[in-house]
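Residues per chain, in single letters:
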Amino acid sequence: MSGGTRKFRVTIPEELAATVQARIGGAGFSAYVSKALARQVERDDLREIVAAESQHGLVDRAGVEGKRALLRTGPEDRSDSHTSAA
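Analysis parameters
- Residues numbered from 1 in each chain as written.
- Predicted model: local features only at pLDDT ≥ 70, side-chain atom pairs only at ≥ 80, totals over all residues.
- Heavy atoms only, no water.
- Helix = DSSP H or I, 4+ residues; strand = E, 2+ residues; numbered from the N terminus.
- Buried < 20%, exposed > 50% of the residue type's maximum accessible area, 1.4 Å probe, protein only.
- Areas by Shrake-Rupley, 256 points an atom, 1.4 Å probe, with all protein chains shown as cover.
- pLDDT = per-residue confidence, 0-100.
- Contact = heavy atoms within 4.5 Å.
- Salt bridge = Lys/Arg side-chain N within 4 Å of Asp/Glu carboxyl O.
- 1 Å grid on protein atoms, 1.4 Å probe; cavity = no way out; pocket = protein on both sides within 12 Å on 5 of 7 lines; lining within 4 Å.
- Points joined across faces, edges and corners; volume = space filled by probe spheres on them.
- Nonpolar A, V, L, I, M, F, W, Y, C, P; charged D, E, K, R; others polar.
- Patch = residues over 30% accessible without salt bridge, like charges linked within 9 Å, V, L, I, M, F, W, Y side chains within 5 Å.

Thoughts on the overall build of the chain
When you go through the chain residue by residue, the secondary structure sums to four helices and zero strands. Secondary structure elements of the chain occur, N-terminal to C-terminal, as α-α-α-α. A buried classification covers 6% of the 86 residues belonging to the chain. A total of about 8000 Å² of accessible surface is found on the chain, and carbon and sulfur atoms cover 55% of it.

Structure below.
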């Protein structure tokens, strides 16, 4: 994930905030929270893969890499043969 940043206002329990501040000091709270959110997104993605595998069988790794390659290209680079379901 790259690009700009966006400000959010969040409410978290005081005890959790104090624990985080004790670990990181006065600076870096936003970076700490951003890293934690990125890890949570990764976990959510893994849960989705596990759920899909339990329902549909093992994920085809070659198919996954093919879809990742498609995601890295822009729509203008894709032909009809690349956008069909695998």
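Continuing now.
What to know about the confidence of the model for the chain
Per-residue pLDDT for the chain averages 82, and the proportion of residues at 70 or more is 83%. Per-element averaging of pLDDT across the chain places helix H4 (residues 80–83) at the bottom with 50 and helix H1 (residues 14–24) at the top with 94. pLDDT under 50 marks residues 82–86. Its contacts with residues more than four places away, or in other chains, come to five contacts.

A look at the pattern of salt bridges
Oppositely charged side chains are able to pair whenever their charged atoms sit close together. Applying the stated criterion across every chain yields a total of two salt bridges. Among the salt bridges present, the one from Asp-44 reaches Arg-47, with a minimum N-O distance of 3.1 Å. Separated by three residues within a single helix, Asp-44 and Arg-47 lie in helix H2 (residues 29–56), roughly one turn from each other. For Glu-65, the salt bridge goes to Arg-68, with nearest N and O atoms at 2.7 Å. Of this pair, Glu-65 and Arg-68 both sit in helix H3 (residues 61–72), three residues apart, roughly one helical turn. The partly exposed category is assigned to Glu-65, whose relative accessible area is 41%. Here Arg-68 falls in the partly exposed class, since its relative accessible area comes to 42%.

Let's talk about the layout of surface pockets
Reported here for the second largest pocket is a volume of approximately 240 Å³. Counting residues per element, the ones that place at least two in the lining of the second largest pocket are H1 and H2. The dominant element in the lining of the second largest pocket, judged by the number of residues it contributes, is H2, at five residues. Here the lining of the second largest pocket is built from residues that sort into nine nonpolar, one polar and one charged.

Observations concerning a nonpolar patch on the surface
Judged by side-chain polarity, Phe-8, Val-10, Ile-12 and Leu-16 come together as a nonpolar surface patch covering roughly 410 Å² of accessible area. By the element assignment, Leu-16 lies in helix H1.

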